[in-house]
2 protein chains.
Amino acid sequence: MCELLGMSANVPTDICFSFKGLKERGGRTGPHKDGWGVAFYEKKGVCTFKDALPSHQSEIARLVSDCPIKSTAVIAHVRQANRGRVGLENTHPFTRELWGRYWTYAHNGQLTDYKQLKLGRFLPVGTTDSERAFCYLLGELEQRFGQRSPGPKAAFRFIQKLVPKLQQLGVFNMLLTDGEYLLTYCTTKLHWITRRAPFGMARLSDVDVDIDFSRETTPNDVVTIIATEPLTNNEQWHRMLPGESQLFRYGEPIV
Amino acid sequence: MCELLGMSANVPTDICFSFKGLKERGGRTGPHKDGWGVAFYEKKGVCTFKDALPSHQSEIARLVSDCPIKSTAVIAHVRQANRGRVGLENTHPFTRELWGRYWTYAHNGQLTDYKQLKLGRFLPVGTTDSERAFCYLLGELEQRFGQRSPGPKAAFRFIQKLVPKLQQLGVFNMLLTDGEYLLTYCTTKLHWITRRAPFGMARLSDVDVDIDFSRETTPNDVVTIIATEPLTNNEQWHRMLPGESQLFRYGEPIV
């Protein structure tokens, strides 16, 4: 299995604090030693760091956890390989362009019979069930709406209706973003927390690091963090239920 | 304008030495201060580092120039913006998936009337002439060969026939790779050098760094470096002529 980390924020925010926690799970406090990756959006652009090494040993991961890259949408992943060899082409997150936007995705879980998933023009480069499911979702989006985007919200609502079909194939905890919206889907384990004023202290579970968000933020900041397991041990995280999905836009949960 | 750097090698090789030179041109020894990027292939996988900051000031660029990431195909770019704002979405190199392979591209030059370039299903995310030309090339590839790849060599040969059309729109120095082949096209300025045994010393032009390749390589290594301007001042680089194109595969020039 793997672990997921996502962020949705209304102002460019760095994810150093949360990533420090996740990176420890990549081979030290967790068994997810088969590569890691993190994608940062800056407006419509995206930059993705990836490495097939364990994140807790990776020079690049160390830089990312120390370097305050400001972003409004982030998806990160530490991998414990099940389907597909350990290698860069099988390392999450995955990105494709559709309708002139970059779509970025990461998956935690394992699917059976995933080769039955119909593909359109988006083809996997690697050999994971995860990437195939991503290509399937984008292919269905294009099949449904053609060459013109129906608008991001309608597109994400369509995906929300589609993902239960993947749940029938196995465990499918997922994060998907276009840089504006971020969609979560939970079949076994996914937690989120929205931080807003008044901000307080937070303490990481995996490493002895704490932070006073009131010194890092402005009163108008809204920042949602999504993680497989809560990353802090002194805050109340929302535990998602099997089959539950939640859409976020710039940090705010969308009903 | 901008500067390009590419590498094609028959064994995974790091590009630290050449990148150290290029990175200085990103705002210090050169005016290309509007962002930089570098894509590394590992088999079919690719990892791209990008930053809208000047490379000579970028923490991430410093890491990349010190961190020996081994790759058989690399494309790097330092940008001096002409068309399109300074921002991540306009920062080269650009990548798209076609036929289950990642295609990565960077451009140096400026095109006029580039909006006339017909687009297929690949759409630009940013607003540069460069990305539009890339989407045009991939669209034409798919238009010509449909859903089945004709094989990488045939695909690159098709692109080689197509690029002179872009030259009619302005300056089009280009690097394009799928991780196996690397295609160069020159309309004004592009140089390359193939290093093989017996390896010797090389000295960078932009910063006081030299290297003894005989201590870094094995006798069977073949490594081609492509750059807008020669990066070393004690070696003989091949200067490409206007309209000249050269295809490389794992370091070897392909006739």
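With that settled, the discussion passes to the overall build of chain A. Looking only at helices and strands, one finds four helices and 15 strands in chain A. In terms of overall size, chain A behaves like a compact globule, its C-alpha atoms giving a radius of gyration of 17 Å where 255 residues would be expected to give roughly 18 Å. Relative to its full complement of 255 residues, chain A shows a buried share of 61%. When the accessible surface of chain A is summed, it comes to about 9,500 Å², and 50% of that surface belongs to carbon and sulfur atoms.

On to the relation of the copies chain B and chain A, then. Overlaying chain B with chain A gives an RMSD of 0.0 Å, the required rotation being 180 degrees about an axis along which the chain moves by 0.0 Å. When the rotation and shift are considered jointly, the pair of chain copies conforms to a two-fold rotation axis. Most of the interface of chain B is mirrored in chain A: 100% of its interface residues are interface residues there too.

Residues and elements named next belong to chain A. Summed over the entire model, instances satisfying the criterion amount to 22 aromatic pairs over all chains. An angle of 35 degrees between the planes, with centres 5.8 Å apart, marks the rings of Phe-156 and Tyr-181 as tilted. Remark: Tyr-181 occurs in strand 8 (residues 181-186) and Phe-156 occurs in helix 4 (residues 152-167); sequence separation between them is 25 residues. Classification of Phe-156 by relative accessible area gives buried; the value is 0%. Feature note: the residues Trp-99, Trp-103, Phe-145, Phe-156, Phe-158 and Tyr-181 constitute an aromatic cluster, connected by ring pairs.

Quick look at the pattern of salt bridges now. Inspection of every chain in the model, using the stated rule, returns 37 salt bridges over all chains. Salt-bridge contacts for Glu-89 of chain B lead to Arg-85 of chain B; the nearest nitrogen and oxygen are separated by 2.8 Å. When salt bridges that share partners are traced, they join Lys-20, Glu-59, Arg-62 and Asp-66 of chain A into one network.

Calculation criteria
- Residues numbered from 1 in each chain as written.
- Chains lettered and ligands numbered in written order.
- Predicted model: local features only at pLDDT ≥ 70, side-chain atom pairs only at ≥ 80, totals over all residues.
- Heavy atoms only, no water.
- Helix = DSSP H or I, 4+ residues; strand = E, 2+ residues; numbered from the N terminus.
- Rg over C-alpha atoms; globule rule 2.2 N^0.38 Å.
- Buried < 20%, exposed > 50% of the residue type's maximum accessible area, 1.4 Å probe, protein only.
- Areas by Shrake-Rupley, 256 points an atom, 1.4 Å probe, with all protein chains shown as cover.
- Least-squares fit on C-alpha atoms with pLDDT ≥ 70 in both.
- Contact = heavy atoms within 4.5 Å.
- Phe/Tyr/Trp six-rings, centres within 6.5 Å; stacked < 30°, edge-to-face > 60°.
- Salt bridge = Lys/Arg side-chain N within 4 Å of Asp/Glu carboxyl O.

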